[in-house]
Amino acid sequence: MGEKLRENQNTKLLLEMSVVDGEYDFTSSIVAALNQAELEIYNLDETIESIQCLKPNCDKLDYILAASSGALCGIIDIFLVGKPGESPLGDITDKWFADRTTDFAKVCGWKDKGENSSSSAIRFLENKFKIPYDQRGAGDAASFIFDLNPTNHHFKSLAHNPSLLGLFFSILDQFTNSSHFISGGELISLADADGEFELRGNNIPSKLFCAFANWFGHLISDMSGSSGSKGRGMGIPSPLWTWTNDIIALKRSLNIPVSQFDNSINELAINIYKEGYDARFQTTQAIPVFINEMLVRLVFAIRRLIKYFAETDKETRSFSLMWKKCEPFSNPTVKRMLTVAHGTFCLIDIGDATVRGFVTGAGSFNPTEFFLRLNIVGVGRLTISLYGEFKREIGIQKAEREIIFARKEKLVVENYIEGLKLLSELYEDKNLLNFITDFKNSDMYIHAFEKSIMLAKKRNVPNNEILRNKMEIDSYFLGGNKV
């Protein structure tokens, strides 16, 4: 027969006592049970502390600083980013992309002979990375069949799209000497697109490598427009808007009807591309978003650094502790500040784009003007923050239930510890608890007998029921009563 006291459904043994053949024994002492219980308290405290770390700990000044950062970057977006053709920062990024195209041409073997550097470098890259799908619609049949022209051919040509689907169609077109375009919600294919094109390579792997190199090199050559472009030129479309082409291409390939909404979004994407919204301008839009991100993280780190030096004694300061207090990357407080900053930025940006959409629409809303000015990079960054907030809130609600259970569990264990301490004070020595063992040892009979009397008194056994000498014990175990 055994009797066990266990905690939390057999997962935590607190104190175990057994009765075998009429004899009592304790398999754990009070001291061991105390140590086990205190370990449980330590683990529960760690659980509660780790759950508390999931919650952001922003004060009023944190929120004010985050909102101020978002407002400042919103003003930068309005006055320095604006829209294509009216963007001071856009002029800088255009120059940067033109310089990188020239650098890439130099790496590929181009020599600057003193002519127009940018056009010459682009022409060199166009000849080096030839592809069969570069129809511009300038005087060819494509311009009449599906309205292809130099202002939209980079967008309509799927292989010119900087996406995975663009890479797929580029390789397909180079292997089959064809061209694929999206126009009017249709997927259009031109067979035998270039009679002079031949994909280099002696086997499939080498041809695949050459096809990838041609796709990448030709994209770089088109980054700042073509060699014959006047002015800014038509760059490659922005990755976020080319998804409108990908959706139509996938639906047409799978024989799924293309909806009117798909067509409308695709037409909108082409319209803003023709206004100059390409990969270069989308990079320009990323600048205030990046500044906002860095500014919030910097403000967070500086505030925590000042607090660290103000509240930490010199003797206890260390780099690891300082980094733990100030690191602005993975804690929920800085993530909440980023949500506020990017939310403020998007409110200002969307407000400005909406007002200008109505102003240019002369009373009606102009969606092209709105999306030209809408900072889609900022909207995407805010979406990521909101997703993180939602996911974190779900985790906190789930953890709250664990906190409630852990606190109740801690209270039970604390009460149990108090009980064990009382028992420890009452029985003084764990050896007294193992007195049954002493009875089995004949050499210790007299000593164990005295212990048993002491223990019986401590346990408040009535005097008339205590066996005090060998005669009383013999009489008791032989079936007689205490004499």
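Quick notes on the rules
Residues numbered from 1 in each chain as written. Predicted model: local features only at pLDDT ≥ 70, side-chain atom pairs only at ≥ 80, totals over all residues. Heavy atoms only, no water. Helix = DSSP H or I, 4+ residues; strand = E, 2+ residues; numbered from the N terminus. Buried < 20%, exposed > 50% of the residue type's maximum accessible area, 1.4 Å probe, protein only. Areas by Shrake-Rupley, 256 points an atom, 1.4 Å probe, with all protein chains shown as cover. Core = buried A, V, L, I, M, F, W, Y, C linked by side-chain atoms within 4.5 Å. Contact = heavy atoms within 4.5 Å. Phe/Tyr/Trp six-rings, centres within 6.5 Å; stacked < 30°, edge-to-face > 60°. Lys NZ or Arg CZ within 6 Å of the ring centre and 35° of its normal. Expected span 1.5 Å × (residues − 1). Polar contact = N/O pair within 3.5 Å; in protein donor to acceptor, adjacent residues only side chain to side chain. Salt bridge = Lys/Arg side-chain N within 4 Å of Asp/Glu carboxyl O. Axes fitted to C-alpha atoms, helices over the stretch in contact; angles between N-to-C directions. Parallel < 35°, antiparallel > 145°, perpendicular 65-115°, else oblique. Left-handed = near helix turned anticlockwise from the far one by under 90°. Nonpolar A, V, L, I, M, F, W, Y, C, P; charged D, E, K, R; others polar. Patch = residues over 30% accessible without salt bridge, like charges linked within 9 Å, V, L, I, M, F, W, Y side chains within 5 Å. pLDDT = per-residue confidence, 0-100. Pairing = 2+ DSSP bridges.

Along the protein, the regular secondary structure elements total 19 helices and 5 strands. For the protein, buried positions account for 43% of its 483 residues. Roughly 27000 Å² of accessible area belongs to the protein as shown, and the carbon and sulfur atoms make up 61% of that amount.

To continue, consider the nonpolar core. As a rule of thumb, nonpolar side chains are buried together in soluble globular proteins. With 17 residues, the main nonpolar core has Ala-105, Leu-125, Tyr-133, Trp-215, Met-223 and Ile-236 as its most contacted residues. Counting residues per element, the ones that place at least two in this core are helix H3 (88-107), helix H4 (117-128) and helix H8 (204-222). Looking at this core element by element, the count peaks at 3 residues for H8. Those residues within four positions of Trp-215 in sequence are excluded, and the remaining contacts are Tyr-133, Ala-159, Asn-161, Pro-162, Ser-163, Gly-166, Leu-167, Ser-170 and Gln-174. Grouped together as the second largest cluster of nonpolar side chains are 14 residues, Leu-89, Tyr-273, Phe-281 and Leu-372 included.

What follows is about the packing of aromatic side chains. Following the criterion strictly, the structure yields 13 aromatic pairs and no others. Here the aromatic rings of Phe-155 and Tyr-273 are separated by 5.7 Å at their centres, their planes lie at 40°, and the arrangement is tilted. Of this pair, Phe-155 sits in helix H6 (residues 153-156) while Tyr-273 is found in helix H10 (residues 260-274), placing the two residues 118 residues apart along the sequence. Aromatic ring contacts, followed pair by pair, group Trp-241, Phe-358, Phe-365, Phe-370 and Phe-371 into a single cluster. Here Arg-100 stacks its cationic end above the ring of Trp-96, 5.1 Å away from the centre of that ring.

Owing to its 3.6 residues per turn, the α-helix aligns residues three or four sequence positions apart on the same side. Between its terminal C-alpha atoms helix H2 (residues 60-81) stretches 30 Å, which fits the 32 Å expected from 22 residues at 1.5 Å a residue. Burial in H2 covers these residues: Asp-62, Ala-66, Ser-69, Gly-70, Cys-73, Gly-74, Ile-76, Asp-77, Ile-78 and Val-81. Residues of H2 that are buried make contact with H3, helix H11 (279-311), helix H13 (332-360) and helix H14 (367-373). The N-cap residue of H2 is Asp-59: its side-chain oxygen and the backbone nitrogen of Leu-61 are 3.2 Å apart.

Here we take up the pattern of salt bridges. One pass over the structure, following the stated rule, counts 19 salt bridges. We note a salt bridge from Asp-278 to Arg-232, for which the minimum N-O separation is 3.2 Å. Placement of the pair is Asp-278 in the loop between H10 and H11 and Arg-232 in the loop between H8 and helix H9 (243-253), with a sequence separation of 46 residues. A residue is classified by how much of its surface remains accessible, and Asp-278, at 1% relative accessible area, is buried. Classification of Arg-232 by relative accessible area gives partly exposed; the value is 28%.

With their axes 8 Å apart at the nearest point, H11 and helix H12 (residues 319-326) run at an angle of 135° to one another. Classified by the interaxial angle, the pair formed by H11 and H12 is oblique. The element H11 and its partner H12 pack so that their crossing is right-handed. Contacts between H11 and H12 involve Phe-300, Ala-301, Arg-304, Leu-305, Tyr-308 and Phe-309 from the former and Leu-321, Met-322, Lys-325 and Cys-326 from the latter. Residues that form the contact of H11 with H12 fall into these classes: 8 nonpolar, no polar and 2 charged.

A few words on a nonpolar patch on the surface. A cluster of nonpolar side chains, contributed by Ile-75, Phe-79 and Leu-80, occupies part of the molecular surface with about 310 Å² of accessible area. Take Leu-80: it is sitting in helix H2.

Moving on to the environment of Ala-279. Among the secondary structure elements, Ala-279 is positioned in helix H11. Judged by its relative accessible area of 12%, Ala-279 is buried. For Ala-279 and Met-234, which are 45 residues apart along the polypeptide, the C-alpha to C-alpha distance reads 10.0 Å. Among all residues touching Ala-279, those that are not within four sequence positions of it are Ile-236, Pro-237 and Ser-238.

Look at Asn-177: it is not a glycine, yet its phi comes out positive at around 55°. By the element assignment, Asn-177 lies in the loop between helix H7 (164-176) and strand E4 (179-183).

This part covers H8. Helix length check: H8 (19 residues) gives 27 Å between terminal C-alpha atoms against 27 Å at 1.5 Å per residue, within 8%. Listed as buried for H8 are Ala-211, Asn-214, Trp-215, Gly-217, His-218, Leu-219, Ile-220, Ser-221 and Asp-222. On its buried side, H8 packs onto H3, H4, H6 and H7.

Our focus in this paragraph is the confidence of the model for the protein. When the pLDDT values of the protein are averaged, the result is 83; 83% of them are 70 or greater. Per-element averaging of pLDDT across the protein places strand E1 (residues 2-7) at the bottom with 40 and H2 at the top with 96.

With that settled, consider the pairing of strand E5 (residues 186-190). Within a regular strand, side chains alternate between the sheet's two faces. Across 5 bridges, the pairing between E4 and E5 is antiparallel. Counted as the bridge partner of His-180 is Ser-189 from E5. The hairpin turn running from E4 into E5, its antiparallel successor, is 2 residues long, and Gly-184 in that turn takes a positive phi close to 60°.

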